[in-house]
Amino acid sequence: MNPLRVIAAVYAVLFAIVTSFNYVPGLTDAQGRTFGLFELDVFDDALHAASALWAAWAAWRSTRATLIYFRVFGPAYCLDG
């Protein structure tokens, strides 16, 4: 497997972990902030889950799909930040 596809697979795993953080007891404070820092709602979770699924699909599918994922994903998350 080419390194770019491996990176996409790692992104998929990391986004899946981030999505699950809101549902693990002890990782959120009384105000619902993850680690006391981030306010993540159902829309953020949906975005992270969709990103994880897209990254996993792209890594599984082909190098071309992975390139498209990163070309869309990179600027979108950069603008979000």
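Residues numbered from 1 in each chain as written. Predicted model: local features only at pLDDT ≥ 70, side-chain atom pairs only at ≥ 80, totals over all residues. Heavy atoms only, no water.

## What to know about the pattern of salt bridges
Then, number 1: Counting across every chain of the model gives one salt bridge.
Then, number 2: Across the salt bridge formed by Arg-33 and Asp-29, the nearest N and O atoms sit 3.2 Å from each other.
Then, number 3: Classification of Asp-29 by relative accessible area gives partly exposed; the value is 25%. (Salt bridge = Lys/Arg side-chain N within 4 Å of Asp/Glu carboxyl O. Buried < 20%, exposed > 50% of the residue type's maximum accessible area, 1.4 Å probe, protein only.)

## Quick word on the nonpolar core
Then, number 1: If you look at the biggest cluster of nonpolar residues, it comprises eleven residues: Ala-8, Ala-12, Phe-15, Ala-52, Ala-55, Ala-58, Ala-59, Ala-65, Tyr-69, Phe-70 and Phe-73.
Then, number 2: Secondary-structure elements contributing two or more residues to this core are α1 (3-20), α2 (42-61) and α3 (63-80).
Then, number 3: Residue contacts for Ala-58: discarding those within four places in its chain leaves Ala-65, Thr-66 and Tyr-69. (Core = buried A, V, L, I, M, F, W, Y, C linked by side-chain atoms within 4.5 Å. Helix = DSSP H or I, 4+ residues; strand = E, 2+ residues; numbered from the N terminus. Contact = heavy atoms within 4.5 Å.)

## Focus: a nonpolar patch on the surface
Then, number 1: On the surface, Met-1, Val-6, Val-10, Val-13, Leu-14 and Ile-17 cluster together to form a nonpolar patch covering roughly 560 Å² of accessible area.
Then, number 2: Checked against the element boundaries, Ile-17 lands in helix α1. (Patch = residues over 30% accessible without salt bridge, like charges linked within 9 Å, V, L, I, M, F, W, Y side chains within 5 Å. Areas by Shrake-Rupley, 256 points an atom, 1.4 Å probe, with all protein chains shown as cover.)

## Details of the confidence of the model for the protein chain
Then, number 1: For the protein chain, mean pLDDT is 88; residues scoring 70 or higher make up 100% of the total.
Then, number 2: Taking the mean pLDDT of every element in the protein chain, the minimum, 78, falls on strand β2 (residues 38-39) and the maximum, 94, on α1. (pLDDT = per-residue confidence, 0-100.)

## What to know about the side chain of Arg-5
Then, number 1: Locating Arg-5 in the fold gives a position in helix α1.
Then, number 2: Judged by relative accessible area, which is 18%, Arg-5 ranks as buried.
Then, number 3: A distance of 2.9 Å separates a polar atom in the side chain of Arg-5 from the backbone oxygen of Ala-59. (Polar contact = N/O pair within 3.5 Å; in protein donor to acceptor, adjacent residues only side chain to side chain.)

## Some thoughts on the packing of aromatic side chains
Aromatic ring pairs are described here by two measures, namely the spacing of the ring centres and the angle between the planes.
Then, number 1: Under the criterion given, the structure shown has ten aromatic pairs.
Then, number 2: With 4.9 Å between their ring centres and 85° between their planes, Trp-54 and Tyr-69 make a pair best called edge-to-face. One end of the pair, Trp-54, is in helix α2; the other, Tyr-69, is in helix α3, and 15 residues separate them in sequence.
Then, number 3: Exposure remark for Trp-54: the relative accessible area of 32% places this residue in the partly exposed category.
Then, number 4: On the basis of an interplanar angle of 15° and a centroid distance of 5.0 Å, the ring pair of Tyr-69 and Phe-73 is categorised as stacked. Here Phe-73 and Tyr-69 lie together in helix α3, a separation of four residues that amounts to about one turn. For the pair shown, Tyr-69 and Phe-73 are each scored as buried.
Then, number 5: By way of ring pairs, the aromatic residues Tyr-11, Phe-15, Trp-54, Tyr-69, Phe-70, Phe-73 and Tyr-77 are connected into one cluster. (Phe/Tyr/Trp six-rings, centres within 6.5 Å; stacked < 30°, edge-to-face > 60°.)

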